[in-house]
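Fold and geometry: a report
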Amino acid sequence: MSEDVRLVAWVRGRVQGVGFRWFTRAKALELGGLSGFALNLGDGRVQVVAEGPRERCEGLLAWLLGDDTPGRVDGVTEIWDTPRGGYDGFAIR
């Protein structure tokens, strides 16, 4: 059985105005078992918070770091933590 974790990732690059949050939500739903959100930040980054099984959070992070995202990802900073809960599905904020 996989442990549940919390992934918080800050994605840098050309990631606003290109559907990045929508595609992030779609990927989270495709992976299944994840809750959280994707949020545009005022400095041009997108913050992604995902909670769920570790391997699915790792899958979302691998997608964020990969070449299949919209726009252009220049880098991702992530932290791992214990889940806090309180999310109803995966939202775009």
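Bear in mind that the values here come from a model prediction, so they are computed numbers and not experimental data. (Residues numbered from 1 in each chain as written. Predicted model: local features only at pLDDT ≥ 70, side-chain atom pairs only at ≥ 80, totals over all residues. Heavy atoms only, no water.)

1. Thoughts on the UniProt feature "domain: Acylphosphatase-like" (unreviewed entry) in the protein
The condition that has to hold: UniProt positions are given in the numbering used here, feature names are shortened, and annotations may be inferred rather than shown by experiment. In this text, helices come from DSSP runs of H or I with a minimum length of four residues, and strands from runs of E with a minimum of two, each type numbered from the N-terminal end.
UniProt annotation of "domain: Acylphosphatase-like" (unreviewed entry) refers to residues 6-93 when read in the numbering used here. As annotated, residues 6-93 comprises 27% helix and 41% strand, and the C-alpha atoms at either end are separated by 18 Å.

2. Quick word on the nonpolar core
Note the threshold: What makes a nonpolar core is a set of buried Ala, Val, Leu, Ile, Met, Phe, Trp, Tyr and Cys residues whose side-chain atoms join them at distances within 4.5 Å. When a residue's accessible area, from a 1.4 Å probe over protein chains only, is under 20% of the maximum for its type it is buried; when over 50% it is exposed; and in between it is partly exposed. By the convention used here, residues are in contact when the closest approach between their heavy atoms is within 4.5 Å.
Counting residues in each nonpolar core, the largest one holds 19 residues, and the members touching the most others are V11, V48 and L64. Looking at this core, the elements that each hand over two or more residues are strand 1 (4-14), helix 1 (20-31), strand 3 (46-53) and helix 2 (54-65). For this core, the element with the highest residue contribution is helix 2, accounting for five residues. Setting aside anything within four residues of it in sequence, one finds V11 in contact with F20, R45, V46, V48, L64, V73, G75 and V76.

3. Notes on the environment of D4
Its place among the elements puts D4 in strand 1. The class for D4 is partly exposed, based on a relative accessible area of 46%. The spatial distance from the C-alpha of D4 to the C-alpha of F90 is 15 Å, given a sequence separation of 86 residues. Not counting residues up to four positions away in its chain, the partners in contact with D4 are G52, P53 and P83.

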